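Commentary on secondary and tertiary structure
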Amino acid sequence: MSDQPPPKPVESLDPDAQQMLRVRDDDAEAYRNLVMEYQPRLLRLLRHAVGSPALAEDLTQDVFLRVWRARKSYQPSAKFRTWIFHIASNVAKNSLRDNSRIREFQLGGKPTGSGWFPSLDHVVTTSTSTMPARKLDKVERAEMVHNAVQALNQRQRTALILAKFENMSYQEIADTMGLSVKAVKSLLCRARINLKTLLQPYLDEGQLPDSRKLP
């Protein structure tokens, strides 16, 4: 007798997992629906993970190609977004490992396109123990936060984006990144500490975030 729990009824699965089950049956429309839903979210995650918008577009296509190739073996044992972001996380790690030149973060560059850090503006105040000594306009603030987050290491950035943009729980981030919940909590704690280290000199004196100042 099998020790595995019986499969969940399709109607109890999240909508995206239901769509993926249709993809498993070669439903091209369901696949297009998932692409439309997840393409901008994957682009955002991968841009921050590899530091290159152009490379992120290529890696996003790679993720969707892997999803299509894996459709026949797909089993909805977790939320669909956890599954697809796990694939994306592995794709990013492999890319960074195989191509060290990718880590050209251009800390002085401006954010491009939409959705870089619109909901992370609060990091400016929540990551620092004092109110900003300098008043920053919205564009400057967004650029500053972008620069600071890009200065974090890849795992801290990934955990932060999954927490802030995807509203994932510690467990979901752990499943996505292949880590323990304890490791995820440590990553997010370290990310907050590092953001404070990076942001405070900019807020006080206008100095650009410098990853060399991180421990």
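Not measured: the values here are computed from a predicted model.

**What about the overall build of the protein chain?**
A tally of regular secondary structure across the protein chain gives nine helices and zero strands. Counting from the amino terminus, helix and strand elements in the protein chain follow one another as α-α-α-α-α-α-α-α-α. Relative to its full complement of 215 residues, the protein chain shows a buried share of 45%.

**What to know about the confidence of the model for the protein chain**
Of the residues in the protein chain, 68% reach a pLDDT of 70 or more, and the chain-wide mean stands at 77. Looking over the protein chain, one finds the lowest element-wise mean pLDDT in helix H5 (residues 123–126), namely 45, and the highest in helix H1 (residues 15–24), namely 95. Confidence drops under a pLDDT of 50 for residues 1–5, and excluding neighbours within four residues, the segment shows zero contacts in the predicted structure.

**Side note on the nonpolar core**
Core analysis: the biggest nonpolar cluster contains 42 residues, and Val 63, Ile 84 and Ile 173 have the highest contact counts within it. Looking at this core, the element that brings in the most residues is helix H2 (residues 28–50), giving ten residues. Those residues in contact with Ile 84 that sit more than four places away from it in its chain are Tyr 38, Leu 42, Val 63, Phe 64 and Val 67. Val 149, Leu 160, Ala 191 and Leu 195 belong to the second-largest nonpolar core, a separate cluster that totals eleven residues.

**Some remarks on the packing of aromatic side chains**
In this structure the tally under the stated criterion is six aromatic pairs. By way of ring pairs, the aromatic residues Tyr 38, Tyr 74, Phe 80, Trp 83 and Phe 85 are connected into one cluster. If you follow Arg 71 out to its NZ or CZ, it ends over the ring of Trp 68, 3.9 Å from the centre.

**Digging into the pattern of salt bridges**
If you walk through the whole model with that rule in mind, you get ten salt bridges. Between Arg 81 and Glu 166 there is a salt bridge whose closest N-O contact spans 3.8 Å. Taken together, the positions of Arg 81 in helix H4 (residues 80–98) and Glu 166 in the loop between helix H7 (154–164) and helix H8 (170–177) put the pair 85 residues apart, joining distant regions of the chain. Residue class for Arg 81 comes out buried when judged on its relative accessible area of 15%.

**A few points about H7**
Counted residue by residue, H7 has nine buried out of eleven residues, so it is predominantly covered. Capping the start of H7, Asn 153 holds a side-chain oxygen 3.2 Å from the backbone nitrogen of Arg 155, two or three residues further along.

**Some thoughts on the side chain of Gln 19**
Within the element layout of this structure, Gln 19 appears in helix H1. When near neighbours in sequence (up to four residues on either side) are disregarded, Gln 19 contacts Ala 30, Asn 33 and Leu 34.

What counts and how
- Residues numbered from 1 in each chain as written.
- Predicted model: local features only at pLDDT ≥ 70, side-chain atom pairs only at ≥ 80, totals over all residues.
- Heavy atoms only, no water.
- Helix = DSSP H or I, 4+ residues; strand = E, 2+ residues; numbered from the N terminus.
- Buried < 20%, exposed > 50% of the residue type's maximum accessible area, 1.4 Å probe, protein only.
- pLDDT = per-residue confidence, 0-100.
- Contact = heavy atoms within 4.5 Å.
- Core = buried A, V, L, I, M, F, W, Y, C linked by side-chain atoms within 4.5 Å.
- Phe/Tyr/Trp six-rings, centres within 6.5 Å; stacked < 30°, edge-to-face > 60°.
- Lys NZ or Arg CZ within 6 Å of the ring centre and 35° of its normal.
- Salt bridge = Lys/Arg side-chain N within 4 Å of Asp/Glu carboxyl O.
- Polar contact = N/O pair within 3.5 Å; in protein donor to acceptor, adjacent residues only side chain to side chain.

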